[in-house]
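Analysis of the macromolecular model
Chain by chain, the residues:
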Amino acid sequence: MRYLMTTVADGSAPDEKLFAEMGRFIEELTASGVLLATGGLGPTSILVSSSGDEITVTDGPFAEAKEAVAGFALVEVRSQEEAVELARRFRRIVGDGQSRIQEVFTG
């Protein structure tokens, strides 16, 4: 099962200790084959919406900075519970904030 895990920006700048801990966590997940992709996201986005035949393109940002998604990880695990445990480990490393887990359906 694949899950997209996203985290919301908290406005704080990471320190060297956080970088080191995250580096070890990412290395572990990569070596085990669980982590498929990871990355940070820019603060702005483009919204493409459609209504009937009309397509509208609007530049962002749209959410308040405290609600914007700052990063993501795509993981492949055996269960939702395993994805939740990875998110728990991540939150223990990065501290206060929010993460979201969504199953990814592939064809």
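Residues numbered from 1 in each chain as written. Predicted model: local features only at pLDDT ≥ 70, side-chain atom pairs only at ≥ 80, totals over all residues. Heavy atoms only, no water.

1. Observations regarding the overall build of the chain
Along the backbone of the chain there are two helices and six strands. Element order for the chain, N to C, with α for helix and β for strand: β-α-β-β-β-β-α-β. Projected onto the principal axes, the alpha-carbon positions of the chain cover approximately 45 × 35 × 20 Å. Of all 107 residues assigned to the chain, the portion counted as buried reaches 20%. Of the roughly 7800 Å² that the chain leaves accessible, carbon and sulfur atoms contribute 53%. One way to put it: in the chain the 10 positive side-chain charges average out to a point 8 Å from where the 17 negative ones average out. (Helix = DSSP H or I, 4+ residues; strand = E, 2+ residues; numbered from the N terminus. Buried < 20%, exposed > 50% of the residue type's maximum accessible area, 1.4 Å probe, protein only. Areas by Shrake-Rupley, 256 points an atom, 1.4 Å probe, with all protein chains shown as cover. Lys, Arg positive; Asp, Glu negative; His and termini not counted. Charge placed at Lys NZ, Arg CZ, Asp CG, Glu CD.)

2. Observations regarding a nonpolar patch on the surface
Taken together, the side chains of Ile46, Val48, Ile55 and Val57 present a nonpolar region at the surface, about 430 Å² in accessible area. Put simply, the parts of the chain that give the nonpolar patch at least two residues each are β3 (46–51) and β4 (54–59). In this fold, Ile55 is placed in strand β4. A relative accessible area of 61% places Ile55 in the exposed class. (Patch = residues over 30% accessible without salt bridge, like charges linked within 9 Å, V, L, I, M, F, W, Y side chains within 5 Å. Salt bridge = Lys/Arg side-chain N within 4 Å of Asp/Glu carboxyl O.)

3. Looking at the side chain of Thr7
One can find Thr7 in strand β1 (residues 2–8). Separated by 3.2 Å, the side chain of Thr7 and the backbone oxygen of Gln98 make a polar contact. Filtering out sequence-adjacent residues up to four positions away, Thr7 remains in contact with Ala68, Val69, Ala70, Gly71, Phe90, Arg91, Gln98 and Ser99. (Polar contact = N/O pair within 3.5 Å; in protein donor to acceptor, adjacent residues only side chain to side chain. Contact = heavy atoms within 4.5 Å.)

4. Quick look at the pattern of salt bridges
Going through the model one piece at a time under the given rule, you end up with five salt bridges. The closest approach of N and O atoms between Arg2 and Glu76, which form a salt bridge, is 3.6 Å. Linking Arg2 in strand β1 with Glu76 in strand β5 (residues 69–76), this pair joins segments that are 74 residues apart in sequence. Looking at Arg2, the relative accessible area reads 30%, which means it is partly exposed. Its relative accessible area of 37% is what places Glu76 among the partly exposed residues. Between Glu28 and Arg89 there is a salt bridge; the shortest N-O distance is 2.8 Å. Taken together, the positions of Glu28 in helix α1 (residues 16–31) and Arg89 in helix α2 (residues 80–94) put the pair 61 residues apart, joining distant regions of the chain. On the basis of relative accessibility, which here comes to 38%, the residue Glu28 falls in the partly exposed class.

5. Some points on the environment of Ala83
Positionally, Ala83 belongs in helix α2. Each C-alpha atom of the pair Ala83 and Ile101 lies 7.5 Å from the other, and the pair is 18 residues apart in sequence. Aside from chain neighbours lying at most four places away, what touches Ala83 is Tyr3, Met5, Val77 and Ile101.

Geometric values such as these leave the question of function open.
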